[in-house]
Every structure is written in C-alpha cells, then in structure tokens.
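# Breakdown of the fold
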Amino acid sequence: MNFTGTITTTRVRQGKRDTKLLGNTYMQISQGSGESHASQTIAEPLDILRQTFGYEQFRDPQAEVIQTVCDGGDALVIMPTGGGKSLCYQIPALVRGGVGVVISPLIALMQDQVSALKQLGVAAAFLNSTLANDQIWQIEQQLSNGEIDLLYIAPERLLQTRTLNLFRQINLALFAIDEAHCVSQWGHDFRSDYLGLSILHEQFPSVPRVALTATADERTRGEIVNRLGLAGARQFLCGFDRPNIQYRITQKNNARQQLLQFLKHEHSEDAGIVYCLSRKKVEDVAAWMSAEGYTALPYHAGLPAEQRQAHQDRFLREDGVIIVATVAFGMGIDKPDVRFVAHLDLPKSLEAYYQETGRAGRDGQPANAWMVYGVQDVIKLRQMLEMSNGDDQHKRAERHKLDAMLGLCEITTCRRQALLHYFGDDAGASCGNCDACLIPIETWDGSEAAQKALSCAYRSGQKFGVNHLIDVLLGKSTDKVLQFGHQNLGVFGLGESLDTTQWRSVFRQLVARGYLTVDVSGFGSLILTEKCRPVLKGEETLHLRKDPKPQRKSRGKSARESISFTGGDEALWQKLRRLRKQLAEEQSVPPYIIFGDQTLKELVTYQPITSTQMLNINGVGDAKLERYGDTFMEAIREHQVDYLDRDL
Ligand code: ADP
Ligand code: ZN
C-alpha cells in the first residue's frame, strides 16, 4: 500500500498504524483496503508516541496521565527532571481537538522547545515578550484558523485580556501548567503571575488542566492544589530517583589533577558543568581548563550580561562545551545531554547538591555527578555559616542543612539511598551506581588517631588550623612550630604512623561529624566541642572512613563507557556527531534537537540502512525519518564501505 502524503514508509514494529497530521488533530488512516483514505477515528496515544516521537513505550506513569487528560480530567504530575513530563501534555494536545496551551515561566526555553516540536512535524508556536507585534498577530491568526496544536505562552501574556478573548473563541485541547511550583511562595522560584492562573479554571471550566513540577515537598504540592483549584485533580507522584546519574564523592588531593583525570578518562568530548564557590575560582579554573585544551567558559553573576548570554548559548548549541560556574548558572537550563556535573567545592545543602547534580543526564543516558572535597572545604563552609548575619534560628537551620550535606559525603553506605531518604523517598536496596556501591568503603578504628588529633588541638590552645596541627603531629620543626614552642608538646611527632593525607582525612571527619568546630575569627582555628569528651576518655570507639587512595584510572563502571565505542564504531560515532552538528548549525538549533545522544548511539550500534530499520531506532519518528533519514543512512553506508576497504 502507498499513501500519497508525506508518509510513504511501511513499518515493521508490531501494533503500529500509520497516522497523519491533518489540520488540528491526528487522524488515523485505515490500512485495510489498499485505498488511502482518512477515517475519522482519533489516533491512539501510543501511535503518536511511536510515529511522531519515535519512542517505543511509555514510561511510568505517562500513559495514565495522558489517558486522564485525554478523557477530560485534571492531573497534577510530580516527576523528577528528565522523567518525561513533556509528553504528558504534548500527546493529549495532539489527541484532543484544538490547541494545547502550555504555560511556562522559562521564556528563554520556548524557542528551543518549539523548534524541537517542529522537527517532529508538530504544529507548534510560542507567544512571549521576545516576539514583535506582527509575529504575535500572525500566530493569533494561525490560532484562530486552527492551525496550531501546541502553544507555549508566558503566564503574563496569557492573562492579558486580548489573549483570554482569543482563547474564548477557539477550540482548546488543554492547559498545561509547567513549573507549577512557581505558585508556591515558599519555593525560591515564586512568580506572582502564576497566582493569576486560577482564573483558567473559572473561565474555561471544561478545558482539562495538567500541572507539572519536579518539586516534591508536601507543602508546595498543597499550595499548587489550593492556588490552582486542583482539588479534584488526579495526582501522579513519582519517585525522585535519577538512576542514570552516578554519584561519586572523593577526598580532595589535588583537585585540578583529579578533575583532569576524570575528564580525560570519562568525558573527553562531553558537555558538562563544573561548579565552584567563588567568581575568582570560576575564572581561574575556566582559564586553566582552556589551557588544557577544553572548551571551558566561565559563568557567574559578576560577568556582563551579554557575555553570560553568549556563554550559555554556546553551551546549548555547540557540542562538548564545559561551563565553569557559580551557583548562578543552571536555572532554566534545559539541555538534555549534559553528561557530567562536577563540584570542585562543596554545596551548602543537599537540596543544592541534588538540584545542581540533577542538571546532568536529563535524556536518561548515563551521566556523572562527581565531587571532590576536603577538610578545608568543610572548614570554609562552617566558617561562612558562623560568620553570616542571620539570627540564631536561621543559623541553626543552615547548620542542620550543612550537616546533612557533610553526612552524605562521609557516609560509607549507598549514597543514593541516603539522598532519597533525605528527600522522603523510599530508597529500596543499594543502588549499584554510586561510588560506595561500586567500591565498598572500608572503615577503620580511628579512636586513637582521633584522640591524638583532638589533644593536639587542645594542647596547642585551640588557636591553630589544620595544617599546623598536622605538622605538630608529624614532628615537623617548621618556623611556626618553633615560634610557638610546639616541639615541646607531648603530641609532637606522635602521629608518624599516618601521612599528611590520612591526617587530613581524620581532621575532616572530626570537623564534619562535629567533634571539632571552627572559630568565628576567620582564621580557621579548630576548637573542641562537648562531643569530644567520651572519645578523649576512651569511652567511645570512632569508626572512620578509609578514604580510597587516589587512582589514576577511573574506578568501576564509568558513565563514559556506555557512550564510548572502539575502532570503526568510534569513527562512525564521530562522523555522525559531525553530521548532526552541521545540520544543527544550518538550522541554528542545538544538536540534540536533530537527534539526541541515545538516538545517535543506536544509529552507531545498529547501523540502519533502510527506512524500516531506521524507524526502529529510538527517537526516529516519521518526520525525523523524512528529514534526516537519507542523510544519516548515506553516512552509515559510506562508513561501512570505508571500513570494508580497510579490511581488504
Ligand atoms: P522533564 O520535562 O520531566 O524533565 P522531558 O519531558 O524533557 O523531561 O523528557 C526527558 C527526556 O526523556 C527527553 O529526551 C524525552 O524525549 C525522553 N523521553 C520522555 N518520554 C520517553 C519515552 N516514553 N521513551 C523514550 N524517551 C522518552
Ligand atoms: Zn549506591
């Protein structure tokens, strides 16, 4: 059979029926008689998933959400980043008649979201303040003519009388309220315009609404329900795990070298983010990484706005760009193929850590959350906290958060379990994809070492920092030791059974676990706390973490391994990456909009050379096949010939 339309391929995947975009709704085309005619049956969500998006199966709970909304019901969807929220409204918008209106505060992302949909053959558009009047007018015309299936709109534009009037005259499929936590005044992303969205319910009572967010806590969820009038909505709460992210936290020895080894062995060509605490460090690290041959761009609030924008754009549009940034970077960055997030400094809380590391691997492909930290980091954060201006209650809360963060660093069991537990998720068995699971951490009886460390701090008057205390323990007659007469202390030279790195590990753990605290003078002197008493008296056994020795090679299964190829496959991977980049540049879109990493990987693995084979690749639907199928198949054939020649 043959269609005289844009779709001319036959499929092999089971259960697939050809559908075709006709005006405002997907019509299913019956395949029985050999005649090509469109019946009036509306396409099934699964058909759209396969033919338009090129994916085989729904993820949990996409199918249920989609069914709820297709049936006209409201839904509240709480799903982690990368979980697949977009399909939850995109598919119902295509199944139901009329336009699906997506409300989002992230104006900067709309352009890319719409480009991605257009690549899939979906009639999409956006309305926000970046458009000129004639562009707005044109889109309004298209809306009136029923030519648009998905409309992205900023909340303030939606609430204008002009927009509401237009909406009253057209057929609406649904309202999707993305980033729904923006209605919450407790959250940090509060947008007052979001409060106005309650009128959707009042003015368009028959249009189903789906609110979506990745923010899980109960208070925020309650606020979303109250403020948006979603009491009757079905709630879909997903676990918060990001199984494709591998968590690794290592003692800092030489942070830059450690980072370099990590990149060299695991992410030599990948896009990633390196977080640092200060602006100066951001600039130093970016300059150093550039000198090492990486495309590394600084980003912090002190840089001119145009430069920040330019760096962000390059990160989104070019392949393999590394952003070195303070926490100022990340909000509203929706790049799916960030392969690693590295921390050279410790975040202040687990909330910050989870949010920052969560920017890795949105596409579900393997990614790394990698961090090095040492005793100085712990001391610095404790100092910053104690010297901050907040009142006691505020400081107590901050201290609690920092302790939780340090707890994650010092833990000897599965990190993922600990993280999920902190966020109130049921963690299940150990994950097998964090450093503690991959290389079990040993502990040792550090009671005696702790006694020496503590008495060294005590005997020297609790006026010195960690470096000096280690010198005393190791019996080094430095100028400072001699100046203060510390060569006469009983503990002088008593710690020679451990080396400097090991002593740093002991002190770090003592500070992290609250046996030592830091003075507020800013000099980093270590002071004993009440908690030390039983340790000094020998009444408490202290099990310390045995920090693994630094290794040149990466440990365990790295994230990179699953995207790296050898020999001919590596050559094909590079060839297809270049092709993707070239196509992306021609259209001024980010490379992942052409094909995501997973799709490219499958193209290398399966090397499809027919349309049928091509359609079996994840992420290749009808429109992508038509646009890029031939180009990529030609490249694959070319590659095969090249390699055949080589074998002869
Ligand atoms: P979120 O908005 O929840 O962060 P997205 O909607 O951007 O997540 O989806 C994350 C990634 O997962 C995207 O690359 C998307 O194409 C992919 N994805 C979503 N659902 C599926 C599915 N059912 N099968 C395969 N890939 C999917
Ligand atoms: Zn684990």
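Residues numbered from 1 in each chain as written. Chains lettered and ligands numbered in written order. Predicted model: local features only at pLDDT ≥ 70, side-chain atom pairs only at ≥ 80, totals over all residues. Heavy atoms only, no water.

Another point: the coordination of the zinc ion (ligand 2). Within the protein, Cys414 (SG), Cys431 (SG), Cys434 (SG) and Cys437 (SG) serve as the donor atoms for the zinc ion (ligand 2), at 2.3 to 2.4 Å. One can describe the site at the zinc ion (ligand 2) as tetrahedral: its four donor atoms subtend angles covering 103 to 118° at the metal. Counting gaps between the donor residues of the zinc ion (ligand 2) yields the pattern C-x16-C-x2-C-x2-C. Judged by its relative accessible area of 26%, Cys431 is partly exposed. Cys434 sits in the buried class, given a relative accessible area of 0%. (Donors = N, O, S within 2.8 Å, 3.2 Å for Na, K, Ca; no water. Tetrahedral: all angles 85-135°; square planar, octahedral: opposite > 155°, others 65-115°. Buried < 20%, exposed > 50% of the residue type's maximum accessible area, 1.4 Å probe, protein only.)

Two numbers describe how helix α14 (residues 350–357) lies on helix α17 (residues 415–422): the axes approach to 11 Å, and their chain directions differ by 115°. Between α14 and α17 the crossing geometry is left-handed. In this structure, α14 contributes Leu350, Glu351, Tyr353 and Tyr354 to the contact, and α17 contributes Leu419, Leu420 and Tyr422. Residues of the contact of α14 with α17, tallied by class, amount to six nonpolar, no polar and one charged. (Axes fitted to C-alpha atoms, helices over the stretch in contact; angles between N-to-C directions. Helix = DSSP H or I, 4+ residues; strand = E, 2+ residues; numbered from the N terminus. Left-handed = near helix turned anticlockwise from the far one by under 90°. Contact = heavy atoms within 4.5 Å. Nonpolar A, V, L, I, M, F, W, Y, C, P; charged D, E, K, R; others polar.)

Along helix α7 (residues 161–169), the residues classified as buried are Thr163, Leu164, Leu166 and Phe167. Buried residues of α7 fall within an arc of 160° about the axis and therefore sit on the same side. Turned more than 90 degrees away from the buried face of α7, the exposed residues are Thr161 and Gln169. Looking at the buried residues of α7, the elements they touch are β5 (99–103), α5 (133–144), β7 (150–153), α6 (155–158), β8 (172–177) and α9 (198–203). (Arc of directions from axis to C-beta.)

Time to look at the pairing of strand β11 (residues 245–251). Most of β11 is tucked away: seven of the seven residues are buried. Covered by surrounding structure in β11 are Ile245, Tyr247, Ile249 and Gln251 together with Gln246, Arg248 and Thr250, the residues of both alternating faces.

Around ligand 1, a shell composed of 14 residues is seen, among which Tyr55, Gln57, Gly82, Lys85 and Ser86 lie nearest. One of the backbone N or O atoms of Gly84 is found 3.1 Å from an oxygen atom in ligand 1. Between Ser86 and ligand 1, the recorded distance is 2.5 Å, taken from a side-chain N or O atom to an oxygen atom. (Near = heavy atom within 4 Å. Polar contact = N/O pair within 3.5 Å; in protein donor to acceptor, adjacent residues only side chain to side chain.)

A few words on the sheet that holds strand β10 (residues 234–237). What the seven strands build is an open sheet, ordered β6-β7-β5-β8-β9-β4-β10; its pairing is parallel. The open sheet is flanked by β6 (124–127) and β10, the only strands paired with a single partner. Here the average twist between neighbouring strands, direction ignored, is 20°. On the sheet, helix α3 (residues 86–95) packs against β5, β7, β8 and β9 (209–213) and is oriented at approximately 170° with respect to β8. Each of β5, β6 and β7 is contacted by α5, which is oriented at about 130° to β6, the strand it contacts most. (Pairing = 2+ DSSP bridges.)

Turning next to the sheet that holds strand β16 (residues 367–373). The strand order across the open sheet built from six strands is β11-β16-β15-β12-β14-β13, with neighbouring strands paired in parallel fashion. In this open sheet, the two edge strands, each paired with only one partner strand, are β11 and β13 (296–299). Between one strand axis and the next, the sheet turns through 15° on average, direction left out of account. The sheet contact formed by strand β15 (residues 340–343) and β16 spans four bridges and is parallel. Its bridge partner being in β16, Phe340 is matched across the sheet by Asn368. Each of β11 and β16 is contacted by helix α16 (residues 392–410), which is oriented at about 105° to β16, the strand it contacts most.

So, on to the nonpolar core. Soluble globular proteins tend to pack their nonpolar side chains together in the buried interior. Among the nonpolar cores identified, the biggest contains 149 residues, and Ile103, Phe167, Phe175, Val210, Trp503 and Phe507 are the most heavily contacted of them. Of all the elements, α3 adds the most residues to this core, at seven residues. Contact partners of Trp503, with chain neighbours within four places excluded, come to Ala449, Lys452, Ala453, Ile470, Leu473, Leu474, Gly495 and Leu498. Core analysis: the next-biggest nonpolar cluster, separate from the first, contains 25 residues, Leu576, Leu583, Ala635 and Ile636 among them. (Core = buried A, V, L, I, M, F, W, Y, C linked by side-chain atoms within 4.5 Å.)

Side chains that carry opposite charge are capable of pairing whenever their charged atoms lie near each other. Per the stated rule, a full pass over the model turns up 29 salt bridges. Residue Arg382 pairs with Asp403 through a salt bridge whose shortest N-O separation is 2.9 Å. Of the two residues, Arg382 is situated in helix α15 (residues 375–387) and Asp403 in helix α16; the sequence distance between them amounts to 21 residues. The class of Asp403 is partly exposed, set by a relative accessible area of 36%. With its nearest N and O atoms 2.7 Å apart, the salt bridge here joins Glu410 to Arg508. Taken together, the residues Glu410 in helix α16 and Arg508 in helix α22 (residues 500–512) connect sequence positions 98 residues apart. (Salt bridge = Lys/Arg side-chain N within 4 Å of Asp/Glu carboxyl O.)

A few words on α17. Arg415, Arg416, Leu419 and Leu420 are the residues of α17 that are buried. Burial along α17 is one-sided: seen end-on, the buried residues are contained in an arc of 125°. Directly beyond the C-terminal end of α17, a positive phi value near 80° is found at Gly424.

Taken as a whole and assessed by the stated rule, the structure comprises 13 aromatic pairs. Through a chain of ring-to-ring contacts, the aromatic side chains of Phe167, Phe175 and Phe204 assemble into a single cluster. Over the ring of Phe315 we find Lys335; its NZ or CZ atom is 5.4 Å from the centre of that ring. (Phe/Tyr/Trp six-rings, centres within 6.5 Å; stacked < 30°, edge-to-face > 60°. Lys NZ or Arg CZ within 6 Å of the ring centre and 35° of its normal.)

Moving on, we come to the side chain of Asp337. Relative to the helices and strands, Asp337 resides in the loop between β14 (322–325) and β15. For Asp337, a relative accessible area of 7% translates into the label buried. Within the local environment of Asp337, its side chain forms a polar contact with the side chain of Lys335, the two groups lying 3.1 Å apart. Here Asp337 is in contact with Ala271, Asp363, Tyr592 and Asp597, once residues within four sequence places are set aside.

A few words now on unusual backbone geometry. Each neighbour pair has its own omega, and for Asp60 with Pro61 the value is -5°, a cis peptide bond. Tracing the chain through its elements places Pro61 in the loop between α1 (45–51) and α2 (62–70). Despite not being glycine, Glu179 has its phi angle at roughly 50°, a positive value. For Glu179, a relative accessible area of 23% gives the class partly exposed. Even without being a glycine, Gln607 presents a positive backbone phi close to 45°. The topology assignment puts Gln607 in the loop between α26 (597–606) and α27 (611–615). For Gln607, a relative accessible area of 16% puts it in the buried group.

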